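# Inside the fold
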Amino acid sequence: MSTFWSDIQFGLTLLRDYWWAYLPVLLGLVFYHAWMGVKKFEYTGSLKWVMLQIKPPPQLDRSLKAVEQIFAGLHGIYIGSTSWKNQFFKGKVQDWFSLEIVGEEGVTNFYIRTPENYKGLVMANIFAQYPDAEISEVEDYMKKWPAILPDKEHDLFGSEFILSKDNAYPIQTYLAFEEKSPGLE
């Protein structure tokens, strides 16, 4: 037991005597992570967002492959990696979309929240697959709600989808995604 305490004492002595070697590294790491957090917060706060409501055509004669093509087109914003300069000085992170399905008063609504500079890309990808769809810029539906939920008037339910299989299983493996030739049943 005495060797245990002597080892602790030796370790504390090393920390006290060699603070000049490790303290600058620790402070540098703390500064780096704080700086990156502030820059990312500034970058994401500077993004201007647009909420688009999508009303699909009443008759959907397209397979589910069309929806997958929309997602593939939206994937075009993926940049892989950002240069360290953009990350460190500008806080640049991978841009993203939010695709939302909202039930309001018994009606199902489809929304896409997108950075303003990608609005044209989103609309082009949807119109390419569904030319008869209606897309309109709307006010954020979340502004209708109080800042803190649930409250005495409102109850709330939300969910998150989790894949049942690994990402290694592509969505194309399902028969519903096979293209049907026109005229063949």
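Our subject is the structure that appears above.
Here's what I pulled together on the structure shown here. Counting restarts for each chain: residues are numbered from 1 in the order of the written sequence. Local features are withheld for residues below a pLDDT of 70 in this predicted model, meaning they are given only at 70 or higher, and side-chain atom pairs are given and counted only at 80 or more; totals for whole chains, interfaces and linings count all residues. Here the side-chain values reflect all heavy atoms present in the structure, with hydrogen atoms and water set aside.

## A closer look at the pairing of strand 3 (residues 107-115)
- When DSSP finds two or more bridges between a pair of strands, those strands are recorded as paired. We count a stretch as a helix when DSSP gives it H or I for four or more residues in a row; a strand needs E for two or more, and each element gets its number in order from the N terminus. Summarising the sheet, strand 1 (residues 49-55) and strand 3 pair through six bridges and their orientation is antiparallel. Pairing of L52 across the sheet is with I112, part of strand 3.
- The sheet contact formed by strand 2 (residues 98-104) and strand 3 spans seven bridges and is antiparallel. Its bridge partner lying in strand 3, L99 is registered against I112.
- Joining the antiparallel neighbours strand 2 and strand 3 is a turn of two residues, in which E105 adopts a positive phi near 50°.

## Considering the pattern of salt bridges
- Salt bridges are defined by distance alone: a side-chain nitrogen of Lys or Arg within 4 Å of a carboxyl oxygen of Asp or Glu. Tallied over the full model, the rule gives eight salt bridges.
- For E68, the salt bridge identified is with K65, shortest N-O distance 4.0 Å. Of this pair, E68 and K65 are both found in helix 3 (residues 65-74), three residues apart, which corresponds to roughly one turn of the helix.
- For every residue, the accessible area (1.4 Å probe, protein chains only) is compared with the maximum for its type, and the residue is labelled buried under 20%, exposed over 50%, or partly exposed between those bounds. The class for K65 is partly exposed, based on a relative accessible area of 22%.
- R113 is the salt-bridge partner of D140, the closest N and O atoms lying 2.9 Å from each other. Taken together, the residues span a long stretch of sequence, with D140 in the segment after strand 4 (134-138) and R113 in strand 3 at a distance of 27 residues.
- Salt bridges linked by common partners bring E100, R113 and D140 together as one network.

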